[in-house]
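So the chains spell out like this:
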Amino acid sequence: MPFRIKIPRSTIDRLPLYYRCLNLIEEHGIEEISSQVLGVRVGVDPSVIRKDLAWFGELGKRGVGYNVTYLKEAIGRILGLDKEWPFILVGAGKLGMALAEHNRKYGRHFHLVGVFDRDPEKFGLMVGGQQVSPMEEMPAFVKEKDIKIAMLAVPAEEAQKVAHELVKCGIKGILSYAPITLSVPEDVLVYNADYNLDLQRLAYYLSNDGNISWGE
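- Looking at an unreviewed UniProt entry, the chain carries the name Redox-sensing transcriptional repressor Rex, with the source organism given as Moorella mulderi DSM 14980.
- UniProt, in the comment section headed Subunit (unreviewed entry), describes the chain in these words: "Homodimer."
- Taken from UniProt, the Sequence similarities (unreviewed entry) comment for the chain reads in full: "Belongs to the transcriptional regulatory Rex family."

This is the structure:
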């Protein structure tokens, strides 16, 4: 059995920030960047950036910095963005429709290929360029298309039941917009996108007399 290094989740969480920033920098024709400059742009301490990137080998040169295109492509490969990822959306309500349209405009590397809902009145509607289908059709669709990622935009009281259905279908990654903690097997990864939590974090910092200090 091959030995695998366990990369800290905090490092993986920061890689998309670096990737997005490097994309913008490359578009402006900048060829080289230091960890100091990258740190300022993404709001991460330069020493943390160097530690994060060191997990993946020599991606830059000491005293010189990083080649923007090389680093962007390297991080893209690490994140799995050297291929396209199809995904499904469960929940064709207002939130689901907004997420589908946003992905349609900005979702590079991630392509919505199916939308599912339980409400018969939504069947046949076009959401994000896809026709809404009944939940009953989801298992066969996921298996046929070999889908591994699902976006969940259903009410909290429905979320756990739908998550169980997704797991049974073979989904391995769930981006959930439901304001609850989902229970899934260990081999299934869940990321929660809850704007209320982010607003509460903002409220904390703004309630502490403006004494804001960002840790690692």
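**Concerning the UniProt feature "DNA-binding region" (unreviewed entry) in the chain**
Here is step 1: Cross-referencing UniProt, the feature "DNA-binding region" (unreviewed entry) maps to residues 17-56 in the present numbering.
Here is step 2: End-to-end, the C-alpha atoms of residues 17-56 are 16 Å apart, and along that stretch the chain is 70% helix and 5% strand.

**Overview of the packing of helix 1 (residues 9-27) against helix 4 (residues 68-79)**
Here is step 1: For the pair helix 1 and helix 4, interaxial distance at closest approach is 9 Å and the crossing angle is 145 degrees. Relative to helix 4, the crossing made by helix 1 is left-handed. Counted together, Leu15, Pro16, Tyr18, Tyr19, Leu22, Asn23, Ile25 and Glu26 of helix 1 and Val68, Thr69, Leu71, Lys72, Ile75, Gly76, Ile78 and Leu79 of helix 4 form the full contact between these two elements.
Here is step 2: A per-class count over the contact of helix 1 with helix 4 returns 11 nonpolar, three polar and two charged.

**So, the domain arrangement of the chain**
Here is step 1: The domain boundaries assigned to the chain delineate domain 1 (9-79) and domain 2 (85-198).
Here is step 2: Taking only C-alpha atoms, the centre of domain 1 and the centre of domain 2 are 31 Å apart.
Here is step 3: Contacts between domain 1 and domain 2 engage four residues on the former and five residues on the latter.
Here is step 4: Counting each side, the surface lost to burial between domain 1 and domain 2 is near 350 Å², with a carbon and sulfur contribution of 25%.
Here is step 5: Sorting the residues of domain 1 by area buried against domain 2 places Arg9, Tyr19 and Asn23 first, and these three jointly supply 72% of that buried surface.
Here is step 6: For the interface between domain 1 and domain 2, the tally reads zero salt bridges.
Here is step 7: Here domain 1 is connected to domain 2 by three residue pairs in polar contact (both at pLDDT 80 or more).

**So, the packing of aromatic side chains**
Here is step 1: All chains considered together, the criterion is met by two aromatic pairs.
Here is step 2: On the numbers, 5.5 Å between centres and 70 degrees between planes, the contact of Phe116 with Phe141 is edge-to-face. Of the two residues, Phe116 sits in strand 4 (residues 110-117) while Phe141 sits in helix 6 (residues 138-145), which places them 25 residues apart along the sequence. Taken individually, Phe116 and Phe141 each receive the classification buried, so the pair is uniform in this respect.
Here is step 3: Pairing Tyr204 with Tyr205 gives two aromatic rings, centres 5.0 Å apart and planes at 70 degrees, and the pair type is edge-to-face.
Here is step 4: What makes Tyr205 partly exposed here is its relative accessible area of 25%.
Here is step 5: A cation over an aromatic ring shows up here: Arg9 above the ring of Tyr191, its NZ or CZ 4.2 Å from the ring centre.

Rules and cut-offs
- Residues numbered from 1 in each chain as written.
- Predicted model: local features only at pLDDT ≥ 70, side-chain atom pairs only at ≥ 80, totals over all residues.
- Heavy atoms only, no water.
- UniProt positions renumbered as here; feature names shortened; annotations may be inferred.
- Helix = DSSP H or I, 4+ residues; strand = E, 2+ residues; numbered from the N terminus.
- Axes fitted to C-alpha atoms, helices over the stretch in contact; angles between N-to-C directions.
- Left-handed = near helix turned anticlockwise from the far one by under 90°.
- Contact = heavy atoms within 4.5 Å.
- Nonpolar A, V, L, I, M, F, W, Y, C, P; charged D, E, K, R; others polar.
- Domains from an automatic or database assignment.
- Buried area = accessible area lost by both parts, 1.4 Å probe.
- Salt bridge = Lys/Arg side-chain N within 4 Å of Asp/Glu carboxyl O.
- Polar contact = N/O pair within 3.5 Å; in protein donor to acceptor, adjacent residues only side chain to side chain.
- Phe/Tyr/Trp six-rings, centres within 6.5 Å; stacked < 30°, edge-to-face > 60°.
- Buried < 20%, exposed > 50% of the residue type's maximum accessible area, 1.4 Å probe, protein only.
- Lys NZ or Arg CZ within 6 Å of the ring centre and 35° of its normal.

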